[in-house]
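# Per-entry structural report
The residues making up each chain are set out below.
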Amino acid sequence: MRASNLATLNAAQKRKVAALFSGMKTVRPLSNFVRIMPTTYAKKDPLSYGPATSRFSPRKLPSRPIQPFGLIYGTINLETAGFEAVIRDSFNLLPARILRPVAYQPKSAVNFSTASGSALTLLDMTGGNASRYGVPTDVIRFSNHTSGQFFSEFVYNTMKDVDGLLYSSRFTEALCVAVYDRTIPKLVSPGSPMYLTRRILAPVMAPWNVQVL
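A brief look at the structure comes next. (Residues numbered from 1 in each chain as written. Predicted model: local features only at pLDDT ≥ 70, side-chain atom pairs only at ≥ 80, totals over all residues. Heavy atoms only, no water.)

### Some words on the environment of Val-139
Residue position: Val-139 is located in helix 6 (residues 138-141). If near-sequence neighbours (up to four positions away) are discounted, Val-139 is found in contact with Ala-3, Arg-55, Phe-56, Met-125, Ser-147, Gly-148 and Phe-151. (Helix = DSSP H or I, 4+ residues; strand = E, 2+ residues; numbered from the N terminus. Contact = heavy atoms within 4.5 Å.)

### Notes on unusual backbone geometry
The phi dihedral of Asn-32 is positive, around 55°, even though this residue is not glycine. Tracing the sequence through the fold places Asn-32 in the loop between strand 1 (25-28) and strand 2 (33-38). The class for Asn-32 is partly exposed, based on a relative accessible area of 45%. The residue Asn-209 is not glycine, and still its phi comes out positive at about 60°. Of note, Asn-209 is situated in the loop between helix 8 (198-205) and strand 11 (211-212). When its relative accessible area of 59% is taken as the criterion, Asn-209 is described as exposed. (Buried < 20%, exposed > 50% of the residue type's maximum accessible area, 1.4 Å probe, protein only.)

### Structural notes on the environment of Met-125
Inspection of the secondary structure puts Met-125 in the loop between strand 6 (120-124) and helix 5 (129-132). Ignoring sequence-local partners within four residues, the contact set of Met-125 consists of Met-24, Phe-56, Ala-130, Val-135, Val-139, Ile-140, Phe-151, Leu-165, Leu-166 and Tyr-167.

### Things to note about the nonpolar core
Ranked by internal contacts, the top residues of the largest apolar core, which has 28 residues, are Phe-21, Leu-123, Met-125, Phe-151 and Val-155. At the level of secondary structure, the elements contributing two or more residues to this core comprise helix 1 (11-21), helix 6, helix 7 (146-158), strand 7 (164-168) and strand 8 (175-180). The biggest single contributor to this core is helix 7, with 5 residues. Setting aside its immediate chain neighbours within four residues, Leu-123 contacts Phe-21, Met-24, Lys-25, Phe-151, Val-155, Met-159, Val-162, Gly-164, Leu-165 and Leu-166. Membership of the second largest hydrophobic core comes to 19 residues, among which are Leu-78, Val-86, Ala-202 and Val-212. (Core = buried A, V, L, I, M, F, W, Y, C linked by side-chain atoms within 4.5 Å.)

Right, here's the structure in full:
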């Protein structure tokens, strides 16, 4: 089944698929996940978000007048955040992998965690769970976000107790999280944003054959 088919299921079919996906549920706190975002927004509110199209937030189309929802994305280390939020696919097949100041200087890194005593209910698509519970492989592996958007839309609207998604970065394979807007009040972001500089980025990107200018 394609991920796009999730949008055409009837109520009974949705319940069956939701029951299948429920096997991926895990309850866990988040601790010091890293998020890279424009410094302007990081200084105002490091937990800010908008209902923009993204990897797991669907695009509003004339044929499908859905309401996009917001998410906060994070990962366990700075280098993965760098790939996810700054580099992405820009270095594919390039022998010279150079990260220039114009790409990172307008951005800052922030940390977020669940509030003390809180935990999130997440769908864990890591460790083979995506295949184990029938998630289309394009949802987590494909650079085109369409499949992930259909999957996330289904989860957001059908599995109301789910706070977000755990998945592996398609760049570094490190753990990432996407937290739905309805769950943002459970998060805290102590401390000040960390401006991205060459001194900070060069050591963590060097093992990935990325030169930071």
